[in-house]
Amino acid sequence: MFKYLIQLEPLGLLYGSAGRFLSPDNLVGRSGTRFPPSAAVVSGLFAASYGNAAIQDLQLAGAFWAQSSAPQNFYVPLPLNFTSHTPSHQKTLQAGHITAKLTWNDEWQSHGEEQSKSHSGGWIAIDYWQILTRSMTAISQANPVVYADPWKFLPHLHPRLQETERRVVNPEENGGSLFLENSVQLHPEVCLVYLSNLPLESGWYRFGGEGHMVDITCHELSESTQTLLRRPVGNCFALITPAIWGSNRLSYRAPMIGQEKQWAVTTMLTERPTPFRYRLGDRLDEQGNKVRSAHQPKRLSRGRYAVPAGTVYVLQEPLEVPWQDWSIDWFPKEGPSLKRWGCGLALPLEPFN
């Protein structure tokens, strides 16, 4: 069970994965950008601190974000059956609000005020989650705050230096003298948040690539959040982290064991799947021995597709157990089980009011 909250504050910029379309020959293609870093990235900090043998029972979940002054009330993805108006942040964080709600009664039906600038997505504080289970009238009276992403991408060019001298390499060697860094600027008032069942020593760490540094603080997770996470999800719930279902080779929209469906899904509300990939384990030489060096990259995992956070499931039969007690067989296993990284962490909703 998650017991700790990992608060991560960048010391400057962070690195945003550029995805498959960004290269020196394609400087404007940012369609594959990804941020914030996944729980799989943060697990590398635990592996460096504890060692591989001690993190076999590690569980992480994220990424979320919070106001730096109130990390316990962190923000999770807004379920996709809500539409909201969320002004993009500029110098200060600008709060938005929910404009409409879709409920399921043989078909998706809208309740609330539709506005031309409304859209799905956004972030809502975990303390407001119980309000989402109420009617649209009650939600409008409570007026929970919704935010857009509190970060922006800052791609810029770096000179590529020679390995033994602080001089720019010959442009005709190594594919050019410049490389593109797709950095990210997080709003100065916010931090990233991850949940963990193990503590992590507070301090400064290198994190996310390109030598960027972060300040990490470990807190005990509030009892109110632990109580919410212990609730069974019932027959309607929303994902607050991406979910990878299926075998090691195939990705599905719900858990499968072989060709057998584990959930009787009445309907779901989702968007197109997102790429999910990570680096883990050492490279092997021709004799099958591990190759280890200071700057040797880890092996890249098989590319997978994830059901995005915010997806809403409606099932025929309720799940009477919380996410923590879901069967380990529902999660793919590629080395560690993907449940280690909070795959498909879900919270209950109420679709019929």
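For the structure itself, look to the data block above.
Attention here is on the structure that accompanies the text. (Residues numbered from 1 in each chain as written. Predicted model: local features only at pLDDT ≥ 70, side-chain atom pairs only at ≥ 80, totals over all residues. Heavy atoms only, no water.)

## Side note on the overall build of the protein chain
When its secondary structure is counted, the protein chain shows four helices and 25 strands. Residues counted as buried form 45% of the 353 residues belonging to the protein chain. Sequence separation of at least 24 residues holds for 74% of the intrachain contacts in the protein chain that already meet a minimum separation of 6. For the protein chain, the exposed surface amounts to about 18100 Å²; the carbon and sulfur share of it is 48%. (Helix = DSSP H or I, 4+ residues; strand = E, 2+ residues; numbered from the N terminus. Buried < 20%, exposed > 50% of the residue type's maximum accessible area, 1.4 Å probe, protein only. Contact = heavy atoms within 4.5 Å. Areas by Shrake-Rupley, 256 points an atom, 1.4 Å probe, with all protein chains shown as cover.)

## Looking at helix α1 (residues 39–50)
For α1, built from twelve residues, the straight-helix expectation of 16 Å at 1.5 Å per residue is met to within 8% by its first-to-last C-alpha distance of 16 Å. A positive phi of about 90 degrees marks Gly 51, the residue just after α1. (Expected span 1.5 Å × (residues − 1).)

## Overview of the packing of aromatic side chains
Overall, the coordinates contain 20 aromatic pairs when judged by the stated rule. A ring pair is formed by Phe 2 and Trp 323, whose centres lie 5.8 Å apart and whose planes are at 15 degrees; its orientation type is stacked. Note that Phe 2 is positioned in the segment before β1 (4–10) and Trp 323 in the loop between β24 (312–319) and β25 (346–348), a separation of 321 residues in sequence. Note on accessibility: Phe 2 and Trp 323 belong to one class, buried. Ring geometry for Trp 263 against Trp 330: centres 5.7 Å apart, planes inclined by 85 degrees, an arrangement best described as edge-to-face. Here Trp 263, found in the loop between β18 (260–261) and β19 (265–269), pairs with Trp 330, found in the loop between β24 and β25; they are 67 residues apart in sequence, far enough to count as distant. According to the relative accessible area criterion, Trp 263 is buried, its value standing at 5%. Residue classification places Trp 330 among the buried residues on the basis of a relative accessible area of 11%. In this structure, Lys 339 is placed above the aromatic ring of Trp 323, and the distance from its NZ or CZ to the ring centre is 5.2 Å. (Phe/Tyr/Trp six-rings, centres within 6.5 Å; stacked < 30°, edge-to-face > 60°. Lys NZ or Arg CZ within 6 Å of the ring centre and 35° of its normal.)

## Quick notes on the nonpolar core
Counting residues in hydrophobic clusters, the biggest one holds 89 residues, and the most contacted among them are Phe 74, Ile 98, Trp 129, Phe 237, Trp 263, Tyr 313 and Trp 326. Discounting residues that sit within four places of it in the chain, Ile 98 has contacts with Leu 78, Phe 82, Thr 83, Ser 84, Ile 124, Leu 132, Met 136, Ile 139, Pro 144 and Val 146. (Core = buried A, V, L, I, M, F, W, Y, C linked by side-chain atoms within 4.5 Å.)

## Some details on the pattern of salt bridges
One pass over the structure, following the stated rule, counts one salt bridge. Residue Arg 230 is joined to Glu 223 by a salt bridge in which the shortest nitrogen-to-oxygen separation is 2.8 Å. For Arg 230, a relative accessible area of 39% puts it in the partly exposed group. (Salt bridge = Lys/Arg side-chain N within 4 Å of Asp/Glu carboxyl O.)

## Details of the sheet that holds strand β16 (residues 234–239)
Within a sheet, each strand pairs with its neighbour through backbone hydrogen bonds, oriented either parallel or antiparallel. Spatial ordering of the open sheet is given by β19-β24-β16-β25, a layout of four strands whose pairing is antiparallel. Single-partner strands in this sheet number two, and they are β19 and β25. Along the sheet, successive strands turn relative to each other by an average axial angle of 30 degrees, direction set aside. Pairing of β19 with β24, which is carried by four bridges, proceeds in the antiparallel orientation. (Pairing = 2+ DSSP bridges. Axes fitted to C-alpha atoms, helices over the stretch in contact; angles between N-to-C directions.)

## Some details on the environment of Pro 159
Looking at the element boundaries, Pro 159 is found in strand β11 (residues 151–159). Classification of Pro 159 by relative accessible area gives partly exposed; the value is 42%. Sequence-wise, Pro 159 and Val 169 are ten residues apart; in three dimensions their C-alpha atoms are separated by 8.2 Å.

By themselves these figures say nothing about function.
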